[in-house]
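Each chain, letter by letter, is given below.
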Amino acid sequence: MSEARERREAGSGTAGPSLDGEDGALRTGGEDGTGQVAVPPARNTGGVPRVRHNDYGSLTPPEPGHWEPRLGVSVVIAAYDCQESLDRTLASLAAQTYPAHLTEVVVADDGSEPPLRIDGPAPAGTRIVRVPEGRWGRGWARQTGAASATGDVLLWVDADVVLDREHVEAHMRWHHLAPYAVVLGDIRFTPEPSGDAPGPEEVLAAVRRGRAEDLFPVSSPHAWRAERFAETRRLREAGSRAHLLHSGAATSVPLALLRAAGGVNTALNMGEDTDLGFRLAQAGAVFVPDPRATAWHLGPSTVMTREKEVHRHNWSVLPDLIPDLRWLRAHPRRTWLVPYVRVVVDAAGATYEEVRTSVDAALAGTLADVAVTVTGPWSALPRGRRSSLDEPLLDLRLVRNLYGGEPRVSFAETVPDAAPAPFRLTCPAGWALGPDTLARLVEHAESEGYGLLSVVLDERENGVTAARLERTSAFARAALVSGDDRDDLVHEMFGSLWVGGEEFGFTPADRPQPVAGDTARWRAEAARWRREAERLEDEVRSLRREAQEARERAEQAGAERRRGPIGEIIATVRHRRAG
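Residues numbered from 1 in each chain as written. Predicted model: local features only at pLDDT ≥ 70, side-chain atom pairs only at ≥ 80, totals over all residues. Heavy atoms only, no water.

Visitor: For this particular structure, what's the right way to read the nonpolar core?
Guide: When a protein is soluble and globular, its nonpolar side chains tend to lie buried together. Counting 42 residues, the largest nonpolar core has Val341, Val372 and Leu425 as the members making the most contacts within it. For this core, the element with the most residues is helix 11 (residues 352-363), which contributes six residues. Discounting residues that sit within four places of it in the chain, Leu425 has contacts with Val341, Arg342, Val343, Val344, Leu433, Leu438, Leu441, Ala467, Arg468 and Leu469. The next biggest cluster of nonpolar side chains, apart from the first, holds 37 residues, and it includes Ala108, Ala238, Leu244 and Leu268. (Core = buried A, V, L, I, M, F, W, Y, C linked by side-chain atoms within 4.5 Å. Buried < 20%, exposed > 50% of the residue type's maximum accessible area, 1.4 Å probe, protein only. Helix = DSSP H or I, 4+ residues; strand = E, 2+ residues; numbered from the N terminus. Contact = heavy atoms within 4.5 Å.)

This is how it looks when you write it as structure tokens:
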């Protein structure tokens, strides 16, 4: 799972706990004379820390109870026909240590009948909103709650969990450090609740005393998540795959980052958390699992009890949305909704032939889940009567004609944002990618977690012609950190590298090559060679059998010649006696 080497930044020198050690446990520092620890200031220009990859260890959160919060939080609970469990969740929220005046709770009722109500212990700022009539499902419920949120940070909480008293505060201390932190609560699962499950008043009393764990003497973490945390030092070494651990049971995200990622996909009733986690990653998120943000899930989750069925359902939907799920995109000819790489070719000032060279080569490579955007002044193309052969922007017209019906090609006036595609390659018109150019570039970027690969195509006195492979999440995070030179920030947080174009198979248009990379043809050719190999293997086995039989006959004939007549008589007598 580890995709990047460990890189530790120097400590800020601010007193307070830090995440250190192989177990990722919190290590608590000292306090000032007042017994309070201020939120550590950012150590970089622009006031925003620069976290490398997903190694949040450079951030130093304050100890709960010893700092001064200032950000508002909206706790959003998606709920459906679960009044009893919702009452317990609201009761645990009523005893939180995070300031009440900075907290609001929004219950998104997904069409419950009778409607959900608030009639037990609950925070003062609790209200219920209904999913719009005719809409339903967890995607709609989550997005309805998010649309009603007014805080700086949104904290998703499932309607069947009980939160530790410091849960909200544990989340919020990270959000005061970095505007791109997505904090994952520490969820523990209890056995299936029986009729004697704790009531709201009992929950409220236990949480207020800081003894919520006494309500659940038997609980355990999700085994798969625990294994991933152990393998990646609690995601510090998870690199670009940290988003796979995102879930909505107790997870917080800055509201601005959620909006930048496009919000919750309302079309999804399952898997919406996985889809959102991927898009948050492309928006620049760092995923921080906090062991202090403890919560107890009453009973096992649906994934734990019906894992194969859940995967069967979700894996019919998520491959179209999440290019990182490479094992689910094995089909060599499929067109996917979200491409793995978006290739951008600028047609302005280029000839029709040059643009066609670049676009055709990009579409024909061994990396199939690719989309191409051709940029140019398309709105300037004249309408109405015109000279078909002599119009001023004839080359642009021809490009538009050629790819107007190709679903993998789009047209834009300016370079589009790559998100949610994980990578964007900008390629000058007139340069052709080799059959495996894109695949090799992405593999090289993934091997070290590079945020940028610059590819030298040509170098002359007037400058360098280059292609660029950009990691979407790296440039999104750079934009959140500062308005300074994005390439420098990406280099600092993710690393960058210059490589040679010829090494990766780029060729200029004046060295024409046939369009290569037809994977269907290659597969057919490979199948033909496999059949030929099987035929030859059968022939070799047959020849080996014939050779063995010939050796045995020769050995028998030689033995008979050595025995002679007397040997034959003796052999016959022995045979008769044996009978």
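Visitor: Is there a simple way to explain the pairing of strand 13 (residues 370-375) in this structure?
Guide: Across the six residues that make up strand 13, a large majority, six, are buried. Of the two faces of strand 13, the one lined by Val370, Val372 and Val374 and the one lined by Ala371, Thr373 and Thr375 are each fully buried. Pairing geometry for strand 12 (residues 341-346) and strand 13, over six bridges, is parallel. The residue bridging Val344 from the neighbouring strand is Thr373, located in strand 13. Tracing the backbone out of strand 12, into helix 11 and back to the parallel element strand 13 gives a crossover that is right-handed. As judged from the four bridges shared by strand 13 and strand 14 (residues 409-412), these two strands associate in the parallel manner. Residue pairing across strands places Thr375 opposite Ala412, the latter belonging to strand 14. (Pairing = 2+ DSSP bridges. Right-handed = clockwise from strand over helix to strand, strands pointing away.)

Visitor: When you look at the layout of surface pockets in this model, what are you seeing that I'm missing?
Guide: One way to see where empty space is left: roll a probe the size of a water molecule over the atoms. If you add up the space inside the second largest pocket, you get close to 360 Å³. Along the wall of the second largest pocket there are 19 residues; nearest its centre are Gln282, Asp417, Ala419, Thr472 and Ala476. No other element matches helix 14 (residues 472-481), which puts five residues into the lining of the second largest pocket. Of the residues contributing to the lining of the second largest pocket, the split by class is eleven nonpolar, two polar and six charged. (1 Å grid on protein atoms, 1.4 Å probe; cavity = no way out; pocket = protein on both sides within 12 Å on 5 of 7 lines; lining within 4 Å. Points joined across faces, edges and corners; volume = space filled by probe spheres on them. Nonpolar A, V, L, I, M, F, W, Y, C, P; charged D, E, K, R; others polar.)

Visitor: In this structure, what is going on with helix 14? I would like to understand it.
Guide: Most of helix 14 is tucked away, with eight of its ten residues classed as buried. Within helix 14 the residues assigned to the buried category are Thr472, Ser473, Ala474, Phe475, Ala476, Arg477, Ala478 and Val481.

Visitor: In this structure, what is going on with the environment of Asn314? I would like to understand it.
Guide: Summarising the element assignment, Asn314 is placed in helix 9 (residues 307-314). For Asn314 and Met270, which are 44 residues apart along the polypeptide, the C-alpha to C-alpha distance reads 6.7 Å. Setting aside residues up to four positions removed in sequence, Asn314 forms contacts with Met270, Gly271 and Pro319.

Visitor: Sorry, what's going on with the sheet that holds strand 18 (residues 463-471) here?
Guide: Strand pairing in a sheet relies on backbone hydrogen bonds. The paired strands run either parallel or antiparallel. Across the sheet, seven strands lie side by side as 14-13-12-15-18-17-19; this open sheet has mixed pairing. Strand pairing shows two members of the sheet lacking a second neighbour, strand 14 and strand 19 (496-500), which therefore form its edges. In this sheet, neighbouring strand axes are inclined to one another by 25° on average, regardless of whether the strands run parallel or antiparallel. Sheet analysis places strand 17 (residues 452-460) next to strand 19, joined by five bridges and oriented parallel. (Axes fitted to C-alpha atoms, helices over the stretch in contact; angles between N-to-C directions.)

Visitor: Whenever I open this one, the packing of helix 11 against helix 12 (residues 394-403) confuses me. Can you help?
Guide: Two measures define how a pair of helices packs: the angle their axes make with one another and the distance between the axes. Between helix 11 and helix 12, the shortest axis-to-axis distance is 9 Å and the interhelical angle comes to 30°. Judged by the twist between their axes, the crossing of helix 11 over helix 12 is right-handed. Note on element contacts: helix 12 touches helix 11 through Asp395, Leu398, Val399, Leu402 and Tyr403, opposite Tyr352, Glu353, Val355, Arg356, Val359 and Asp360. Tallied by class, the residues present in the contact of helix 11 with helix 12 amount to seven nonpolar, no polar and four charged. (Left-handed = near helix turned anticlockwise from the far one by under 90°.)

Visitor: Could you clarify how one ought to interpret unusual backbone geometry in this entry?
Guide: Note: most residues except glycine have negative phi, and most peptide bonds are trans. A cis geometry characterises the amide bond from Glu113 onward to Pro114, with omega recorded as 0°. Within the secondary structure, Pro114 is located in the loop between strand 4 (103-109) and strand 5 (126-130). A cis amide bond links Ala419 with the next residue in sequence, Pro420, at an omega value of 5°. For His53, which is not a glycine, the phi torsion comes out positive at approximately 50°. With respect to the helices and strands, His53 occurs in the loop between strand 2 (26-27) and strand 3 (73-79). Although it is not a glycine, Asp81 adopts a positive phi angle of roughly 50°. For Asp81, a relative accessible area of 43% puts it in the partly exposed group.

Structural measurements only, silent on function.
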